Amino acid sequence: MEGSVIALTENVVMPLRELRSAVRMVKKEAAEDINPLIITQASLLSSLPMGPSSVDLIISMGRSQDFPGDKLFKEFSRVLKPGGELFVHQTTNAAKDNTTSSLERELLVAGFSDIEVVRMEGVQSFGVKGKKPSWKIGSSFSLKKPVKNLPKIQVVDEMDLIDEDSLLSEEDLKKPVVTPVGDCEVGSTRKACKNCVCGRAEEEAKVQKLGVTMDQLENPQSACGSCGLGDAFRCSTCPYKGLPPFKLGQKVTLSENFLAADL
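Residues numbered from 1 in each chain as written. Predicted model: local features only at pLDDT ≥ 70, side-chain atom pairs only at ≥ 80, totals over all residues. Heavy atoms only, no water.

**What about the overall build of the protein chain?**
Okay, step 1: In terms of helices and strands, the protein chain carries eight helices and six strands.
Okay, step 2: Along the protein chain, helices (α) and strands (β) appear in the sequence β-α-β-β-α-β-α-α-β-β-α-α-α-α when read from the amino end.
Okay, step 3: In the protein chain, the share of contacts with a sequence separation of at least 24, taken over all contacts with a separation of at least 6, comes to 63%.
Okay, step 4: A total accessible area of about 18,800 Å² is found for the protein chain, and carbon and sulfur atoms account for 52% of it. (Helix = DSSP H or I, 4+ residues; strand = E, 2+ residues; numbered from the N terminus. Contact = heavy atoms within 4.5 Å. Areas by Shrake-Rupley, 256 points an atom, 1.4 Å probe, with all protein chains shown as cover.)

Below, the structure written as structure tokens:
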């Protein structure tokens with residue numbers, strides 16, 4: 001077997017025969033040529049004397065449910081190479097307590113994957129093995145989305161193409177006729193047209209009778225400031241004499257019967 005191997009036990013001694021048996025359970029190959037580093041009374045350790053990512057296989061053998069502890073599981077993850085394996089072997093006393101599920105949780109929390117329970121035939125013991133992932137904890141990578149190829153459209157020259165001009169009728173080709181607006185609205189002189197129906201002709205007739213211009217009605221102004229108050233405040237030459245009171249700057253509004261006789 002190639003690669004570096006570390007074996008830990010909480011006991012004072014570890015028989016090499018048991019270690020080789022545990023290696024065969026993990027690697028499924030001969031283990032006579034291994035040269036492991038054996039650490040006894042490992043329950044007293046809080047760290048391992050190895051550098052990070054320097055070990056290929058770690059074998060942990062013990063009787064107590066508390067071995068290995070949380071600190072050693074973190075150390076196992078530190079010293080193992082990416083893809084390295086960990087095998088935790090529990091002997092008879094621990095197997096009676098059915099600690100399989102607890103060991104699986106320990107390996108899962110420590111970051112191991114491919115966790116598997118291994119039971120030895122004819123012996124009342126078991127082991128749980130796991131593998132350190134090839135990626136580092138906390139690493140990130142981008143996901144490449146598959147590029148969807150758009151369907152290609154082939155245009156054949158011999159296809160019957162429709163002339164878009166042929167879809168238009170004679171009515172569609174005629175130039176639209178815009179209805180002209182009355183002269184009262186568009187004329188620059190703002191005079192009523194001959195056939196006025198908007199009421200401007202009537203307004204101009206009232207103005208002619210009063211003797212004031214359209215500009216004086218549209219925008220009334222006063223030099224004395226009293227023209228808009230009514231006839232009682234207007235002088236004899238006031239052009240607004242006879243008109244109802246109004247506000248300066250606002251159009252003077254005349255009622256329809258303003259010039260009608262009172263009698």
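**Examining the packing of aromatic side chains**
Okay, step 1: In total, this model carries one aromatic pair according to the counting rule given.
Okay, step 2: Note on Phe73 and Phe76: the rings are 5.9 Å apart at their centroids and 75° apart in plane angle, and the pair reads as edge-to-face. Taken together, the residues span about one helical turn, with Phe73 and Phe76 both in helix H2 (residues 70–79) at a distance of three residues.
Okay, step 3: A relative accessible area of 2% places Phe73 in the buried class. (Phe/Tyr/Trp six-rings, centres within 6.5 Å; stacked < 30°, edge-to-face > 60°. Buried < 20%, exposed > 50% of the residue type's maximum accessible area, 1.4 Å probe, protein only.)

**Re the pairing of strand S3 (residues 55–62)**
Okay, step 1: Most of S3 sits out of view: seven of its eight residues are buried.
Okay, step 2: As paired elements, S3 and strand S4 (residues 80–90) share seven bridges and run parallel to each other. Each residue of the ladder has a partner; that of Ile58, found in S4, is Leu86.
Okay, step 3: In this fold, S3 hands off to H2, which returns the chain to S4; that crossover is right-handed. (Pairing = 2+ DSSP bridges. Right-handed = clockwise from strand over helix to strand, strands pointing away.)

**Remarks on the pattern of salt bridges**
Okay, step 1: Counted according to the given criterion, the structure contains four salt bridges.
Okay, step 2: Taking the shortest distance from any N to any O, the salt bridge between Lys81 and Asp56 comes out at 3.6 Å. Of this pair, Lys81 sits in strand S4 while Asp56 is found in strand S3, placing the two residues 25 residues apart along the sequence. (Salt bridge = Lys/Arg side-chain N within 4 Å of Asp/Glu carboxyl O.)

**What to know about the sheet that holds strand S2 (residues 37–39)**
Okay, step 1: Read across the sheet, six strands follow the order S2-S1-S3-S4-S6-S5 without closing on themselves; strand pairing throughout is mixed. Each edge of the sheet is formed by a strand with only one pairing partner; in this case those strands are S2 and strand S5 (113–119). Adjacent strand axes in the sheet meet at a mean angle of 15°, parallel and antiparallel pairs treated alike.
Okay, step 2: Relative to the sheet, H2 contacts strand S1 (5–9), S3 and S4, its axis offset from that of S4 by approximately 145°.
Okay, step 3: Taken strand by strand, helix H4 (residues 100–109) contacts S4, S5 and strand S6 (126–131), and its axis lies near 15° from that of S6. (Axes fitted to C-alpha atoms, helices over the stretch in contact; angles between N-to-C directions.)

**Re the environment of Ser169**
Okay, step 1: Within the secondary structure, Ser169 sits in the loop between S6 and helix H5 (170–173).
Okay, step 2: The exposure class of Ser169 is partly exposed, given its relative accessible area of 34%.
Okay, step 3: Within the structure, Ser169 has its side chain in polar contact with the side chain of Asp172 (distance 3.1 Å). (Polar contact = N/O pair within 3.5 Å; in protein donor to acceptor, adjacent residues only side chain to side chain.)

**Considerations on the nonpolar core**
Okay, step 1: Core analysis: the largest hydrophobic core is formed by 22 residues, its most contacted members being Leu8, Leu48, Ile58, Phe73, Phe76 and Leu86.
Okay, step 2: Only S1, S3, H2, S4, H4 and S6 provide two or more residues apiece to this core.
Okay, step 3: Broken down by element, this core gets its largest block of residues, four residues, from H2.
Okay, step 4: Ignoring anything within four residues of it in the chain, the contact list for Leu86 reads Ile58, Phe73, Phe76, Leu80, Leu107, Phe112, Val128, Lys129 and Gly130.
Okay, step 5: Judged by nonpolar contacts, the second largest core, of 14 residues, contains Ala7, Met14, Met61 and Val118. (Core = buried A, V, L, I, M, F, W, Y, C linked by side-chain atoms within 4.5 Å.)

**Here's the deal with unusual backbone geometry**
Okay, step 1: The omega torsion of the bond from Phe67 to Pro68 falls at -5°, within 30 degrees of zero and hence cis.
Okay, step 2: Here Pro68 is to be found in the loop between S3 and H2.
Okay, step 3: A positive phi is found at Asp114, a non-glycine position, where the angle reads about 55°.
Okay, step 4: Residue position: Asp114 is located in strand S5.
Okay, step 5: Residue class for Asp114 comes out exposed when judged on its relative accessible area of 55%.

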